[in-house]
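Each chain, letter by letter, is given below.
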Amino acid sequence: MKNSNTPKLTIVGAGPGDVELITLKAIKALESADVVLYDALVNEELLQYATHAEIIFVGKRFGCHAYSQDQINELIVSMAKRFGHVVRFKGGDPFVFGRGSEEIEYAQKFDLETAIVPGISSALGVPASNGISLTQRRVAESFWVITGTTSDHKLSKDVALASQSSATVVILMGMNKLDEIISIYQNNRTDDLPIAIIQNGTKDTEKKVVGTISSIAKLVQEHQLSSPAIIVIGEVVRNASKLTQYFQEENLEDEFVFQNLDIAI
Ligand SMILES: C[S@@+](CC[C@H](N)C(=O)[O-])C[C@H]1O[C@@H](n2cnc3c(N)ncnc32)[C@H](O)[C@@H]1O
């Protein structure tokens, strides 16, 4: 392994999954990496750019963490001191529910040089690639991106607040709390509010269901959607350019599931 000597950490966003949705800056960082520590949501095809690096998987597989966050922090510092340039490679954007800032802070305590390469967050890239405009003019004036699983494993209280507004709501890590989310919307809004759930967005394995607050639980169960998925709630879903043809042809109460974009089951 070539050693670039200066201990350095670059936190790099890999984008939502499609290998072409990565930045040039991210590719350059991978090319100059001596070590790459990558997470489960990173598309492994992108590791081809790390031509001379030692590559270590530190993510979660089958629900189990390969490394704890403390171990990752320590690994970053020890690898950088030993080999030089460490790239911490994370899905989406590293600062959107990605703990990127914690890793930067830890590395700086040990005098590592640090840099950040933003990525396209799944919160933005997955709706956009499905034609969902989060701030469609005259339909939504804002959007919230909320975690379904806080550090104490609870649904964020912000979901209840957001559900009282007309904002588009994007929930990450929310699949295990879907029933709770539905019941909040049933209390605060209407049963026929559109909702889309997209698993493995932008990847070849993308799978999605589109329905309403009242129909979505059944759809998810029938079509066995699971994590990683984003939940998008709001009127903008009804107008999504890739989905409107189905809404025009059918009543919104009807249920839709799409796999690899175009197959309606
Ligand atoms: C720990 S968060 C990391 C988010 C990431 N930093 C980002 O900006 O996309 C993981 C969650 O992001 C969402 N996610 C990430 N990639 C996704 C994808 N390709 N399709 C759908 N959801 C995705 C899921 O909700 C997943 O549980």
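Sequence positions are assigned chain by chain, starting from 1 and proceeding in written order. Residue-level local features of this predicted model are given only where pLDDT is at least 70; pairs of side-chain atoms are given and counted only at 80 or more, and the full residue set underlies all totals for whole chains, interfaces and linings. To get the side-chain values, take all heavy atoms of the structure and skip hydrogens and water.

**Focus on the site of the ligand**
Here a residue is considered near a molecule or strand provided that any single heavy atom belonging to it is located within 4 Å of it. Taken together, 18 residues are adjacent to the ligand, and Pro-16, Val-96, Ser-122, Gly-201 and Ala-229 come closest. Contact distances for the ligand include 3.1 Å between a nitrogen atom and a backbone N or O atom of Gly-91. A distance of 2.7 Å separates a nitrogen atom of the ligand from a polar atom in the backbone of Val-96. Protein coverage of the free-state accessible area of the ligand, which is 560 Å², stands at 89%. Any pair of N or O atoms that falls within 3.5 Å is considered a polar contact. Within protein, one atom must be able to donate a hydrogen and the other to accept it, and sequence-neighbouring residues count only if both atoms are side-chain atoms. Per-residue and other accessible areas follow the Shrake-Rupley method at a 1.4 Å probe size, with only the shown protein chains counted as cover for residues.

**Focus: the packing of aromatic side chains**
In this description, a pair of aromatic rings is defined by centroid distance and the angle of the planes. The criterion for an aromatic pair is that two Phe, Tyr or Trp rings (for Trp, the six-membered ring) have centres within 6.5 Å, with stacked assigned to planes under 30 degrees apart, edge-to-face to planes over 60 apart and tilted to the rest. Taken as a whole, this structure holds two aromatic pairs when the rule is applied. On the numbers, 5.3 Å between centres and 65 degrees between planes, the contact of Tyr-38 with Phe-57 is edge-to-face. Of this pair, Tyr-38 sits in strand E2 (residues 35-38) while Phe-57 sits in strand E3 (residues 54-57); the two residues are 19 residues apart in sequence, bridging distant segments of the chain. The exposure classification of Tyr-38 matches that of Phe-57, with both residues buried. Measuring from centroid to centroid gives 5.0 Å for Tyr-106 and Phe-110, while their planes differ by 40 degrees, and the two rings are tilted. Going along the chain from the N terminus, every DSSP run of H or I of four or more residues is numbered as a helix, and every run of E of two or more is numbered as a strand. Exposure classes here rest on a 1.4 Å probe applied to the protein chains alone. A residue is buried below 20% of its type maximum, exposed above 50%, and partly exposed in between.

**Describing the side chain of Asp-34**
Considering the arrangement of structural elements, one finds Asp-34 in the loop between helix H1 (24-31) and E2. For Asp-34, a relative accessible area of 0% puts it in the buried group. In this structure the side chain of Asp-34 is engaged in a polar contact, spanning 3.3 Å, whose partner is the side chain of His-52.

**Considerations on helix H7 (residues 216-223)**
Residues of H7 that are buried: Ile-216, Leu-219, Val-220 and His-223. Here the buried residues of H7 occupy an arc of 95 degrees about the axis, which is enough to place them on one side. Just downstream of H7 lies Gln-224, where phi reads positive at about 50 degrees. Starting at the helix axis, one direction is taken to each C-beta atom, and the arc is that of these directions.

**Quick look at the nonpolar core**
Tyr-185, Ile-197, Ile-216, Val-220, Ile-231 and Ile-233 are the most contacted members of the largest nonpolar core, which has 24 residues in total. Of all the elements in the fold, those that place two or more residues in this core are helix H5 (158-163), strand E9 (168-172), helix H6 (178-188), strand E10 (194-199), H7 and strand E12 (229-233). Per-element accounting of this core gives the leading share, five residues, to H6. With residues near it in sequence (within four places) discarded, Ile-197 still touches Met-175, Leu-178, Lys-207, Lys-208, Val-209, Ile-216, Val-220, Leu-225, Ala-229, Ile-230 and Ile-231. Grouping buried Ala, Val, Leu, Ile, Met, Phe, Trp, Tyr and Cys residues that are joined through side-chain atoms within 4.5 Å yields what is termed a nonpolar core. Ile-22, Ile-27, Phe-57 and Val-87 belong to the second-largest nonpolar core, a separate cluster that totals 19 residues. Contacts: residue pairs with any heavy atoms within 4.5 Å of one another.

**Describing the packing of helix H2 (residues 69-83) against helix H3 (residues 100-109)**
Structural elements are reduced to axes, namely lines fitted to C-alpha atoms, with helices fitted over the stretch in contact, and the angle between N-to-C directions of any two is expressed from 0 to 180 degrees. Two elements in contact, H2 and H3, have axes separated by 10 Å at closest approach and are oriented at 50 degrees. Comparing their axes, H3 and H2 come out oblique. Handedness of the H2/H3 crossing: right-handed. Across from Gln-69, Ile-72, Asn-73, Glu-74, Ile-76 and Val-77 in H2, the residues of H3 making contact are Glu-102, Glu-103, Tyr-106 and Ala-107. When the residues that make up the contact of H2 with H3 are grouped by side-chain class, the tally is five nonpolar, two polar and three charged. Angles are sorted into four bins: roughly parallel if under 35 degrees, roughly antiparallel if over 145, roughly perpendicular if 65 to 115, and oblique for all others. In a left-handed crossing the near helix is turned counterclockwise from the far helix by less than a right angle, and in a right-handed crossing that turn is clockwise. Residues were grouped as follows: Ala, Val, Leu, Ile, Met, Phe, Trp, Tyr, Cys and Pro as nonpolar; Asp, Glu, Lys and Arg as charged; and all remaining residues, including Gly, as polar.

**Concerning the sheet that holds strand E1 (residues 8-13)**
Strands qualify as paired when DSSP identifies two bridges or more between them. A sheet is described by the order of its strands in space; here five strands give the open sequence E3-E2-E6-E1-E7, paired in parallel fashion. Edge positions in the open sheet fall to E3 and strand E7 (113-117), since each of these has one partner strand only. Averaged over all neighbouring strand pairs, the angle between strand axes comes to 15 degrees, with direction disregarded. Set on the sheet, H2 makes contact with E1, E2, E3 and strand E6 (85-90); between it and E6 the angle comes to about 145 degrees. Relative to the sheet, H3 contacts E1, E6 and E7, its axis offset from that of E1 by approximately 175 degrees.

**A word on a nonpolar patch on the surface**
Patches in this entry comprise residues that are over 30% relatively accessible and not in a salt bridge; like charges within 9 Å are linked, as are nonpolar side chains (Val, Leu, Ile, Met, Phe, Trp, Tyr) within 5 Å. Within this document, salt bridges are pairs made up of a side-chain nitrogen of Lys or Arg and a carboxyl oxygen of Asp or Glu, the two lying within 4 Å of each other. Together, Phe-97, Leu-124, Phe-143, Val-145 and Met-173 line one region of the surface with nonpolar side chains, adding up to about 410 Å² of accessible area. Along the chain, Leu-124 turns up in helix H4 (residues 122-129).

**Notes on the environment of Thr-10**
Secondary-structure assignment places Thr-10 in strand E1. In this structure, the C-alpha to C-alpha distance between Thr-10 and Ile-116, residues 106 residues apart in sequence, is 5.6 Å.

**Considerations on the confidence of the model for the chain**
Per-residue confidence from the predictor is reported as pLDDT, which spans 0 to 100. Per-chain confidence: the chain averages 91 in pLDDT, with 89% of residues scoring 70 or above. Below pLDDT 50 for its whole length, residues 249-254 participates in twelve contacts with residues either more than four positions away or in separate chains.

**Looking at the pattern of salt bridges**
Using the criterion set out here, one finds eight salt bridges in the structure. Taking the shortest distance from any N to any O, the salt bridge between Arg-88 and Asp-39 comes out at 3.0 Å. Of the two residues, Arg-88 is situated in strand E6 and Asp-39 in the loop between E2 and E3; the sequence distance between them amounts to 49 residues. This pair shows no difference in class: Arg-88 is buried, exactly as Asp-39 is. Across the salt bridge formed by Glu-206 and Lys-208, the nearest N and O atoms sit 3.4 Å from each other. Assigned by exposure class, Glu-206 and Lys-208 land together as buried. Here the residues in one salt-bridge network are Asp-39, Arg-88, Lys-90 and Glu-103, joined through shared partners.

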